[in-house]
Every structure is written in structure tokens, then in C-alpha cells.
Amino acid sequence: MNKKTIAIILKLIPLVSTIISFIFIVLPYDSEIIKRIVGITTVLSFFGFVFFFIGKNLSKENKLIRVLGIFDWLATIYVILLYTIVIFSFGL
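Residues numbered from 1 in each chain as written. Predicted model: local features only at pLDDT ≥ 70, side-chain atom pairs only at ≥ 80, totals over all residues. Heavy atoms only, no water.

J.: Help me understand the confidence of the model for the protein chain in this model?
T.: Any region with low pLDDT has predicted coordinates that should not be read closely. The pLDDT averaged across the protein chain works out to 88; a share of 99% of its residues lies at or above 70. Across the protein chain, the secondary-structure element scoring lowest on mean pLDDT is helix 3 (residues 48-58), at 85, and the one scoring highest is helix 2 (residues 32-46), at 92. (pLDDT = per-residue confidence, 0-100. Helix = DSSP H or I, 4+ residues; strand = E, 2+ residues; numbered from the N terminus.)

J.: Before we go on, may I ask you to explain the environment of Ile-20 in this structure?
T.: Mapping Ile-20 onto the fold places it in helix 1 (residues 3-26). With a relative accessible area of 31%, Ile-20 lands in the partly exposed category. Residues Ile-20 and Val-50 lie 30 residues apart in sequence; the distance between their C-alpha atoms is 19 Å. Apart from residues lying up to four places away in sequence, Ile-20 is in contact with Ile-37 and Thr-41. (Buried < 20%, exposed > 50% of the residue type's maximum accessible area, 1.4 Å probe, protein only. Contact = heavy atoms within 4.5 Å.)

J.: Sorry, what's going on with the packing of helix 1 against helix 4 (residues 63-90) here?
T.: Working note: a packed helix pair is described by the angle between its axes plus the distance between those axes. Helix 4 packs onto helix 1 with a crossing angle of 30° between their chain directions and a minimal axis gap of 9 Å. Regarding the angle of helix 1 to helix 4, the classification is roughly parallel. Here helix 1 and helix 4 pass one another in a crossing that is left-handed. Contacts between helix 1 and helix 4 involve Lys-4, Ala-7, Ile-8, Lys-11, Leu-12, Pro-14, Leu-15, Thr-18, Ser-21, Phe-22 and Ile-25 on the former and, on the latter, Leu-64, Ile-65, Leu-68, Gly-69, Phe-71, Asp-72, Ala-75, Tyr-78 and Leu-82. (Axes fitted to C-alpha atoms, helices over the stretch in contact; angles between N-to-C directions. Parallel < 35°, antiparallel > 145°, perpendicular 65-115°, else oblique. Left-handed = near helix turned anticlockwise from the far one by under 90°.)

J.: Would you take a moment to explain the side chain of Thr-42 for this structure?
T.: In this structure, Thr-42 sits in helix 2. On the accessibility criterion, Thr-42 (5% relative accessible area) is buried. Residues within four places of Thr-42 in sequence aside, it is in contact with Ser-21, Val-79 and Tyr-83.

J.: Looking at this structure, how should I read the packing of aromatic side chains?
T.: Any pair of aromatic rings gets described here by the distance separating the centres and the angle formed by the planes. As enumerated under the stated definition, the model contains eight aromatic pairs in all. Taking 6.5 Å as the distance between ring centres and 75° as the angle between the ring planes, the aromatic pair formed by Phe-22 and Tyr-78 counts as edge-to-face. Placement of Phe-22 in helix 1 and of Tyr-78 in helix 4 is noted, with a sequence separation of 56 residues between them. Through a chain of ring-to-ring contacts, the aromatic side chains of Phe-46, Phe-47, Phe-49, Phe-52, Phe-53 and Trp-73 assemble into a single cluster. (Phe/Tyr/Trp six-rings, centres within 6.5 Å; stacked < 30°, edge-to-face > 60°.)

J.: Any chance you could explain the packing of helix 1 against helix 2 here in plain terms?
T.: It is the contact of helix 1 with helix 2, at a shortest axis distance of 8 Å, that shows an interaxial angle of 145°. When you trace helix 1 past helix 2, the crossing you get is left-handed. Touching Ile-13, Pro-14, Ser-17, Thr-18, Ile-20, Ser-21, Phe-24 and Ile-25 of helix 1 are Ile-34, Ile-37, Val-38, Thr-41, Thr-42, Leu-44 and Ser-45, all from helix 2. Class assignment for the residues of the contact of helix 1 with helix 2 results in nine nonpolar, six polar and no charged. (Nonpolar A, V, L, I, M, F, W, Y, C, P; charged D, E, K, R; others polar.)

J.: It is not clear to me how the pattern of salt bridges should be interpreted in this structure. Could you clarify?
T.: One side chain can pair with another of opposite charge once the charged atoms of both are near each other. All chains considered together, the criterion is met by two salt bridges. The closest approach of N and O atoms between Asp-30 and Lys-35, which form a salt bridge, is 4.0 Å. Given a relative accessible area of 47%, Lys-35 falls into the partly exposed group. (Salt bridge = Lys/Arg side-chain N within 4 Å of Asp/Glu carboxyl O.)

Okay, here's the thing in C-alpha cells:
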């Protein structure tokens with residue numbers, strides 16, 4: 001595998017994790033397995049900015065990497081906003 005492929009795969013991790021966590025949060029099901037999946041995918045989504053810098057270092061001049069980098073930052077913002085809403089919903 002070359003660096004470009006590895007960078008693309010690393011940059012897709014926060015994007016896919018964000019989608020999976022959102023789907024499991026919205027679903028009406030509640031079990032321990034779903035809670036663990038949501039926790040793991042939320043942490044991976046939160047560290048989207050880390051994947052952004054790793055992917056940027058591996059493949060600097062690729063437009064796909066830049067677009068996926070924007071989605072990595074959006075995944076991080078999603079998690080911050082999600083926890084902000086939870087904090088204000090339940091009180092401080």
C-alpha cells in the first residue's frame with residue numbers, strides 16, 4: 001500500500017465513525033453493545049483532527065485528502081456540539 005491509500009483510509013475512519021454513532025444514537029434500541037459501539041465511534045469521531053494531521057503528513061498535495069480533512073474537522077465539531085447539547089439538556 002502506498003501512502004496515499006493509507007492516508008485515505010485513515011481519513012475515512014472519523015467520517016464513518018460519525019455516521020455510525022449518529023445512527024446508533026438515533027435508534028430507539030438500548031443495549032450494552034450499542035452503548036459501547038456509540039462510545040468507541042464517538043471517541044474515534046472526536047479524534048478526527050488527529051487523523052487530519054496524520055493524513056496531511058502522509059499525502060500533502062492530494063485534493064481528496066483535503067476534502068476528507070474538512071470532514072475530519074466536522075466530525076470533531078459534531079462530537080463537541082453533541083456533548084454541549086447533552087450538558088445543557090441535563091444541566092450543569
